[in-house]
Amino acid sequence: MFYPNTTTQGSFDLLVIGGGINGTGIAADAAGRGLSVCLCEQDDLAQHTSSASSKLIHGGLRYLEHYEFRMVREALTEREVLMAKAPHLIHPLRFILPHQPHLRPAWLIRAGLFLYDHLGPRQHLQGSQYLSLDRDGPLKPEFHTGFAYSDCWVDDARLVVANAQAAYEGGAKILPRTRCLRATRQNDLWHIELKTENQPPYSVTAKALVNATGPWAVQVLEHCLHTKSPHSLRLVRGSHLVVPRLYEGTQAYILQNEDRRIVFAIPYWDQFTLIGTTDCEYQGDPAQVQITEEEQSYLLDIIQRYFRQAPTEVVHRFSGVRPLFNDQAQDPSAVTRDFSLKVSTNANGLAPLLSVFGGKLTTYRVLAEQALDLLSPFFPQMNPSQTAHTALPGGEYPLNQQAVQERYPWLDQSLLQRWIKQYGCRVESLLDSVQTLEDLGPLLSASMHLYGRELDYLCQYEWAQTAEDILWRRTKLGLFLSPSDCAAVEDYLKANRPKH
Ligand SMILES: Cc1cc2nc3c(=O)[nH]c(=O)nc-3n(C[C@H](O)[C@H](O)[C@H](O)COP(=O)(O)OP(=O)(O)OC[C@H]3O[C@@H](n4cnc5c(N)ncnc54)[C@H](O)[C@@H]3O)c2cc1C
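An unreviewed UniProt entry lists the chain under the name Glycerol-3-phosphate dehydrogenase, with Azomonas agilis as the source organism. You can read under Sequence similarities (unreviewed entry) in the UniProt record for the chain the words "Belongs to the FAD-dependent glycerol-3-phosphate dehydrogenase family."

Written out as structure tokens, the structure reads:
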């Protein structure tokens with residue numbers, strides 16, 4: 001199947017603005033229910049908040065301290081649902097919480113973990129336990145006791161792409177690098193002006209409009225739709241560091257700081273540790289968000305307080321802006337991670353506009369389901385949601401690595417492993433009509449076994465257009481490739497990219 005990256009014209013049941021996790025999740029649910037859908041994203045899919053997260057599918061242990069029991073239960077329930085939908089992208093992760101009695105007493109942590117174990121269903125994840133920490137382990141010897149509990153790791157940007165693929169396979173048009181300039185209601189329909197990069201603006205119509213623009217939600221309402229926003233958003237910057245692997249093992253650490261915030265140290269792509277995050281009020285342009293020196297020092301300080309070995313260098317940094325639904329909390333880390341969905345119509349009760357405020361990656365699927373349920377009175381023919389029970393593209397069946405290896409004995413084992421982790425069973429499409437090593441095209445990086453064929457696949461099936469789309473979102477090869485390998489990727493794309 002070929003995924004066209006072309007502009008479109010026409011009329012749709014639903015137009016979704018925003019190609020982050022919430023927009024693509026809504027598009028996938030709507031297409032699965034039989035609506036005709038168009039999604040526009042001004043940049044690349046997942047270019048903003050949805051690729052800058054801590055990459056956890058989690059209930060959010062710390063939200064229990066804010067009594068957010070319903071939200072935590074919903075998120076814990078989603079862990080199980082999402083693991084089944086995309087087992088290649090989401091896997092269990094064991095967390096170690098070293099105990100520091102002066103920060104939170106043991107009884108409080110025990111009570112919190114008991115609730116965390118029992119608030120939602122838990123079929124595949126191990127329960128919590130009290131631990132004596134290994135004196136020869138990676139933490140400083142003063143940390144001798146702690147707790148362990150389970151959550152999940154997710155490839156956030158790929159989860160977005162998988163939802164876009166699900167929407168596309170349900171018939172949706174996916175338009176990356178296409179900005180919504182303005183939208184107005186006329187004759188009970190939305191008239192939407194779109195502008196795709198390097199093309200003149202054009203118009204489409206839709207019966208309903210969804211504003212899933214994350215940190216831009218209020219701006220889009222006020223400047224593109226000329227309506228007053230029913231909510232204000234609290235924009236909170238969060239930053240991460242990627243450092244060479246700090247410790248052996250597959251466990252993550254959840255570290256309590258003196259300011260009562262928590263910071264994670266998470267194993268990242270075998271060779272690295274991901275450290276984050278911060279919570280800082282943010283007023284600027286969400287597209288320009290960057291880590292500050294203070295945030296970097298804050299993150300490195302806490303790592304040095306807990307770990308024997310300090311990071312030798314910072315390999316990569318990234319920041320994102322949380323679009324939090326403003327509940328007037330004083331401390332940015334205490335603002336709710338819950339979401340709010342608001343629907344308004346024209347005077348005839350038609351041309352609905354649904355806006356998304358807040359949310360988390362973890363709850364994107366329930367958010368989408370609830371959004372479509374709210375729109376269901378406008379689409380009486382709409383089917384019920386399928387998303388709780390259907391796999392995302394790539395997660396349909398487990399691919400047997402050994403069987404694939406036997407079919408392609410010349411394929412490097414580490415390459416096949418990486419492909420399965422990224423593409424799940426869609427590795428079959430990547431290898432479709434490939435017979436020999438030569439069929440994989442030119443070798444662009446010998447160390448990472450990156451061939452032209454993978455780039456072609458990403459452009460054809462995953463809407464990738466630039467080296468950055470490929471190196472930092474569709475894959476994390478940017479962490480591994482040398483500057484000359486990156487240049488080879490750029491050159492290959494220039495020479496082979498389909499013209500739009
Ligand atoms: C530091 C950090 C850590 C986090 N960690 C976690 C975590 O571990 N687990 C978890 O569950 N959640 C986490 N979250 C929260 C989660 O990442 C966000 O809730 C989620 O990604 C928001 O997705 P979104 O689709 O609403 O916004 P976005 O991903 O920002 O998508 C909105 C899109 O709308 C587009 N857009 C804006 N205006 C227009 C326009 N006019 N036309 C077309 N497109 C437009 C933007 O380009 C953008 O791509 C974290 C967030 C941050 C910042």
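(A) The arrangement of helix H2 (residues 69-85) in detail. Taking 1.5 Å per residue as the helical rise, H2 with its 17 residues ought to reach 24 Å, and the 24 Å between its terminal C-alpha atoms agrees with that figure. Counting buried positions along H2 yields twelve of 17 residues, so the element is predominantly enclosed. Listed in full, the buried residues belonging to H2 are Met71, Val72, Glu74, Ala75, Leu76, Glu78, Arg79, Glu80, Val81, Leu82, Met83 and Lys85. Structurally, H2 contributes buried residues whose contacts are with strand S3 (56-57), strand S4 (90-98), helix H3 (106-118), strand S6 (145-154), strand S17 (339-344) and helix H7 (364-375).

(B) Quick peek at the domain arrangement of the chain. Annotation of the chain at the domain level lists domain 1 (10-49 + 158-231 + 337-378), domain 2 (88-155 + 234-329) and domain 3 (401-496). Placing a centre on the C-alpha atoms of domain 1 and another on those of domain 2 gives a separation of 32 Å. Facing the 15 residues of domain 1 at the interface are 14 residues of domain 2. When the area that domain 1 buries against domain 2 is broken down by residue, the three leading residues are Arg158, Pro215 and Arg337, summing to 38%.

(C) Examining the site of the ligand more closely. Neighbouring the ligand are 38 residues, the closest being Glu41, Thr49, Ser50, Leu56 and Thr362. A distance of 3.0 Å separates an oxygen atom of the ligand from a polar side-chain atom of Gln42. A distance of 2.5 Å separates an oxygen atom of the ligand from a polar side-chain atom of Ser50. Protein contact buries 97% of the 1000 Å² of open area that the ligand shows by itself. Those elements that provide at least two residues to the shell around the ligand are helix H1 (21-32), strand S8 (178-186), strand S11 (233-244) and strand S16 (316-325). Partitioning the shell around the ligand into residue classes produces twelve nonpolar, 20 polar and six charged.

(D) Representation of the state of the cysteines. Inspection of every chain in the model, using the stated rule, returns zero disulfides. In this structure Cys486 is not part of a disulfide, and its nearest cysteine sulfur, from Cys459, lies 15 Å away.

(E) View of the pairing of S11. Most of S11 sits inside the fold, with eleven of its twelve residues counted as buried. As defined by bridge partners, S11 adjoins S16 across ten bridges and the pair is classed as antiparallel. From the neighbouring strand, Leu235 faces S16, where its bridge partner is Pro323. Across five bridges, S11 lies against strand S14 (residues 272-276) in antiparallel orientation. In the strand pairing of S14, Val242 is matched with Leu274.

(F) Main features of the packing of aromatic side chains. Following the criterion strictly, the structure yields 15 aromatic pairs and no others. Ring geometry for Tyr247 versus Phe307: centroids 5.7 Å apart, planes at 10°, classification stacked. On the criterion of sequence distance, the pair formed by Tyr247 in the loop between S11 and strand S12 (252-256) and Phe307 in the loop between helix H6 (293-306) and S16 is long-range, its members being 60 residues apart. Overall, the relative accessible area of 2% leaves Phe307 in the buried class. Each residue in the set Phe95, Tyr116, Tyr149 and Phe264 is aromatic and connected to the rest through ring pairs, giving one cluster. Against the face of Tyr130 rests Arg110, its NZ or CZ located 4.8 Å from the ring centre. We note Lys421 situated over the ring of Trp269; from NZ or CZ to the ring centre the distance is 4.1 Å.

What counts and how
- Residues numbered from 1 in each chain as written.
- Predicted model: local features only at pLDDT ≥ 70, side-chain atom pairs only at ≥ 80, totals over all residues.
- Heavy atoms only, no water.
- UniProt positions renumbered as here; feature names shortened; annotations may be inferred.
- Helix = DSSP H or I, 4+ residues; strand = E, 2+ residues; numbered from the N terminus.
- Expected span 1.5 Å × (residues − 1).
- Buried < 20%, exposed > 50% of the residue type's maximum accessible area, 1.4 Å probe, protein only.
- Contact = heavy atoms within 4.5 Å.
- Domains from an automatic or database assignment.
- Buried area = accessible area lost by both parts, 1.4 Å probe.
- Near = heavy atom within 4 Å.
- Polar contact = N/O pair within 3.5 Å; in protein donor to acceptor, adjacent residues only side chain to side chain.
- Areas by Shrake-Rupley, 256 points an atom, 1.4 Å probe, with all protein chains shown as cover.
- Nonpolar A, V, L, I, M, F, W, Y, C, P; charged D, E, K, R; others polar.
- Disulfide = S-S within 2.5 Å.
- Pairing = 2+ DSSP bridges.
- Phe/Tyr/Trp six-rings, centres within 6.5 Å; stacked < 30°, edge-to-face > 60°.
- Lys NZ or Arg CZ within 6 Å of the ring centre and 35° of its normal.

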